[in-house]
Amino acid sequence: METSIDNRKHGLAAGPAAAPLRADWTVDQGWAAYTLAQHAVWKTLYERQTRLLPGLACDAFVDGMNKLPMSAERIPNFEELSETLHKATGWQVVAVPGLVPDEVFFDHLANRRFPSGNFIRGAHELDYLEEPDVFHDVFGHVPMLMNPLMADFIQAYGKGGLRAQSLGKLTELARVYWYTVEFGLVQQQDGMRIYGAGIASSFSESRFSIQSDSPNRIAFDLERVMRTHYRIDDFQEVYFVLDDLQDLLALANTEFAPYYERLNSGPSYKPGDALATDKVMHRGTGSHHLARPRKP
Ligand code: HBI
Ligand code: FE
């Protein structure tokens, strides 16, 4: 029985961190200042997760992980990561103090810079955090940034983000990011697998997303996803499943204007909804969330 809730990596309620020194909100990683205790937290999380993920994470995630200069022994150095990542897909990792304003976040992504929290959660909160830390950002996101499809998709999201904001459609676009980059599953020859960073960096949700009877698993459909609310306070009630990571290519090249137009009318959906029009791959029992009512 799971007792911890560990998917608050993007507890957006926390809001952006304090005012920046640089306009782009980047800071030095401050690698030399990490304490032994902080490296030890990384080691605990890293070992736990690398033992768990084979058979749960998709091949692209595992491949990316294996090619990166990352190990249990120490919190990775962003410059070393960036060197490997840049050669593979042209991306870099830059340090930020926590959540940054949307337009700052989008500008980094549009320029193939992935902003990563430079701090690490405390040993007393291994499964719970409000803001994305170095374990979520680096362990969760950077392996998939080694994949050319994800590399292009996240850049496209950055470019699209500013436009969505100006059109008042950021809520809808952010759902695409949430249900792919953060909480996406993909069909692989040998079964359903994780590619989303919010899942891959979470011990309990890694198993829940693939193995639990509770959540719905529904074939990814862009407009359906853009109409679907998500929860930030618990495991997802629904995971949307790509047929193939190649689908990210089409998604990166999608013209969103017609979608925004259609979204001006029509329904929106609760996280737990399953529709007659859905291609449902697993109809969830909902047991997890029934046992944990939403906070009022
Ligand atoms: N800042 N550091 C950081 N990491 C994020 O994932 C992030 C952010 N700011 C805004 C944001 N995400 C989301 O609200 C946008 O994707 C909409
Ligand atoms: Fe994230």
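This is a predicted model, so every value here is computed, not measured.

Caption draft 1: Seen up close, the pairing of strand E5 (residues 216-219). Side chains Asn-216 and Ile-218 project from E5 onto one buried face, and the interleaved Arg-217 and Ala-219 project onto a second face that is buried too. Note: E5 against strand E7 (residues 280-282), two bridges, orientation antiparallel. Opposite Arg-217, over in E7, you have His-282 as the bridge partner.

Caption draft 2: Looking closely at the nonpolar core. Within the largest apolar cluster, 84 residues are counted, with the highest numbers of intra-cluster contacts made by Trp-42, Phe-61, Tyr-195, Leu-245 and Leu-248. The element contributing the most residues to this core is helix H7 (residues 170-182), with eight residues. When near neighbours in sequence (up to four residues on either side) are disregarded, Trp-42 contacts Met-70, Ser-71, Ala-72, Arg-74, Ile-75, Pro-76, Ile-120, Val-134, Phe-135, Val-138 and Phe-139.

Caption draft 3: Local environment of the packing of helix H1 (residues 36-52) against helix H9 (residues 203-211). Remark: H1 packs on H9, axes separated minimally by 10 Å, with the N-to-C direction vectors making an angle of 15°. Viewed along their axes, H1 and H9 adopt a mutual orientation that is roughly parallel. In this structure, H1 crosses over H9, and the sense of that crossing is right-handed. Seen from H1, the contacting residues are Arg-48, Gln-49 and Leu-52; seen from H9, they are Phe-203, Ser-206 and Arg-207.

Caption draft 4: Structural view of the side chain of Ser-82. Looking at the secondary structure, you find Ser-82 in helix H3 (residues 78-89). Residues within four places of Ser-82 in sequence aside, it is in contact with Trp-91, Gln-92 and Val-93.

Caption draft 5: Region of the structure containing the pattern of salt bridges. Summed over the entire model, instances satisfying the criterion amount to 16 salt bridges. A salt bridge links Asp-233 to Arg-231; the nearest nitrogen and oxygen atoms lie 3.2 Å apart. Through salt bridges with shared partners, a single network forms among Lys-43, Glu-47 and Glu-73.

Reading the values: the criteria
Residues numbered from 1 in each chain as written. Chains lettered and ligands numbered in written order. Predicted model: local features only at pLDDT ≥ 70, side-chain atom pairs only at ≥ 80, totals over all residues. Heavy atoms only, no water. Buried < 20%, exposed > 50% of the residue type's maximum accessible area, 1.4 Å probe, protein only. Helix = DSSP H or I, 4+ residues; strand = E, 2+ residues; numbered from the N terminus. Pairing = 2+ DSSP bridges. Core = buried A, V, L, I, M, F, W, Y, C linked by side-chain atoms within 4.5 Å. Contact = heavy atoms within 4.5 Å. Axes fitted to C-alpha atoms, helices over the stretch in contact; angles between N-to-C directions. Parallel < 35°, antiparallel > 145°, perpendicular 65-115°, else oblique. Left-handed = near helix turned anticlockwise from the far one by under 90°. Salt bridge = Lys/Arg side-chain N within 4 Å of Asp/Glu carboxyl O.

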